[in-house]
Amino acid sequence: SPLIIGIILGMLYANSLRNQLPETWVPGILFCSKQLLRLGIILYGFRLTFQNIIEVGLPAIIIDAIIVTVTIYGGIYVGKFLKIDRGIALLTSVGSGICGAAAVLGAEATLKSKPYKTAVAVSTVVIFGTISMFLYPALYNHGIIDLTPEQMGIYTGSTLHEVAHVAGAGNSMGKEISDSAIIVKMIRVMLLIPVLFALGYWVAIKARSAGTTAQGGKIAIPWFALGFLGIIIFNSFGFLSQPVLDIIEYIDTFLLTMAMTALGAETSIDKFKKAGAKPFILAFILFVWLIAGGWALARYVAPAFL
């Protein structure tokens, strides 16, 4: 994924040339990590339509909702038990539960957390998402996972981290599984909208309980989430041709890659050392839950609605 290459290049820059280049570069880095990030999340909506939901139906919606809810809440409580920084635990949980790096970026824009926390969360998502991309086809193609193609599509789309991971794994298991898996994944991506609003509300409540006035006691509405939803609604009418959508997706990937590179540029190795191994332990626990819990839901819950 270009997003992953971007954050790696940004981190290489942060740990080598950052202190040797003009300070006039800093505003550009901040612009990419803030404004371009929000614009990229909004344009991400062009990859989705509400017709996607209708194609897969009720079982995908129910299982996606369960996976996202349990992963985020579970990750927060496990993070608290492991005494992990709250921001890192939340970003890691959102990334694992919804759509990998894009979800981490969306949550970061709402929480306004420090860049190194975003980099740590993205790193965990990339590692375990990539493992899953190779693991799922191996287990299915060797008959170890006893699911029908329809169930396997739901399982893959509802539990793999990145859209790219779903596409890669799905293509290794056949078109029938790949098509349904990607649609299930897109429904899961749509759940980013209510999650961002919930995070905005959570930030306001925390600010109020802490007695701070930074938020003015008001809920910080992530307006880019409304833009994301508006684009999905517009795209559902099919006004734009596929070549135009392909161009927009290319531009969007470029914007998100710029944002990831900027976030990487704010991340030094010392900050990774400061975070320690605990975020990766949390991501591993969530990884095990997604494999085992997702299989149980696809195996026993999905047939009740198919």
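Scroll up to find the structure this text is about.
Just so it is clear, the structure is predicted and the values come from calculations on it, not from any experiment. (Residues numbered from 1 in each chain as written. Predicted model: local features only at pLDDT ≥ 70, side-chain atom pairs only at ≥ 80, totals over all residues. Heavy atoms only, no water.)

Core analysis: the largest hydrophobic core is formed by 53 residues, its most contacted members being V94, I98, L105, V122 and M260. Broken down by element, the residue count for this core peaks at eight residues, all from helix α6 (residues 101-111). Y136, M173, I291 and A298 belong to the second largest nonpolar core, which has 18 residues in total. (Core = buried A, V, L, I, M, F, W, Y, C linked by side-chain atoms within 4.5 Å. Buried < 20%, exposed > 50% of the residue type's maximum accessible area, 1.4 Å probe, protein only. Helix = DSSP H or I, 4+ residues; strand = E, 2+ residues; numbered from the N terminus.)

Our next topic: helix α12 (residues 223-236). For α12, spanning 14 residues, the distance from its first C-alpha to its last is 20 Å, which sits close to the expected 20 Å at 1.5 Å a residue. Taken together, the buried positions of α12 are occupied by F224, A225, F228, I231, I232, N235 and S236. Buried residues along α12 cover an arc of 135° about the axis, so they all sit on one side. Following α12 by one or two positions, G238 adopts a phi angle in the positive range, close to 70°. (Expected span 1.5 Å × (residues − 1). Arc of directions from axis to C-beta.)

What follows is about the side chain of S132. Within the secondary structure, S132 sits in helix α7 (residues 115-141). Other than its neighbours up to four places away in sequence, S132 contacts P137, L160, H161 and F287. (Contact = heavy atoms within 4.5 Å.)

To continue, consider the side chain of K185. Structurally, K185 can be placed in helix α10 (residues 175-190). Among buried charged residues, K185 stands out as having no salt bridge; its nearest opposite-charge side chain is E162, 7.1 Å away. Setting aside residues no more than four positions away along its own chain, K185 makes contact with I98, C99, G157, L160, H161, E162, V163 and V166. (Lys, Arg positive; Asp, Glu negative; His and termini not counted. Salt bridge = Lys/Arg side-chain N within 4 Å of Asp/Glu carboxyl O.)

For the rest of this paragraph, the subject is the packing of α6 against helix α13 (residues 242-265). As a packed pair, α6 and α13 sit with axes 12 Å apart at the nearest point and diverge in direction by 70°. Judged on the interaxial angle alone, α13 and α6 are roughly perpendicular. Relative to α13, α6 is oriented so that their crossing is left-handed. From α6, A101, L105 and E108 reach across to α13, where they touch L256, M260 and L263. (Axes fitted to C-alpha atoms, helices over the stretch in contact; angles between N-to-C directions. Parallel < 35°, antiparallel > 145°, perpendicular 65-115°, else oblique. Left-handed = near helix turned anticlockwise from the far one by under 90°.)

Below, the discussion takes up the packing of helix α9 (residues 163-171) against α10. The description of two packed helices rests on the angle between their axes and on the distance between the axes. At their nearest, the axes of α9 and α10 sit 8 Å apart, and the two run at 165° to each other. Considered as vectors, α9 and α10 are oriented roughly antiparallel to each other. Considering how the two elements wind past one another, α9 and α10 form a crossing that is right-handed. Note on element contacts: α10 touches α9 through S178, A181, I182, K185, M186 and V189, opposite V163, V166, A167, G170 and N171. For the contact of α9 with α10, a count of residues per class yields seven nonpolar, three polar and one charged. (Nonpolar A, V, L, I, M, F, W, Y, C, P; charged D, E, K, R; others polar.)

A word on unusual backbone geometry. Despite not being glycine, K83 shows a phi value in the positive range, around 60°. Position of K83 among the secondary structure elements: in the loop between α4 (58-81) and α5 (86-97). A relative accessible area of 72% places K83 in the exposed class.

Moving on, we get to a nonpolar patch on the surface. Together, F50, I233, F234, F237 and F239 line one region of the surface with nonpolar side chains, adding up to about 520 Å² of accessible area. You can see F50 is positioned in the loop between α2 (26-43) and α3 (51-56). (Patch = residues over 30% accessible without salt bridge, like charges linked within 9 Å, V, L, I, M, F, W, Y side chains within 5 Å. Areas by Shrake-Rupley, 256 points an atom, 1.4 Å probe, with all protein chains shown as cover.)

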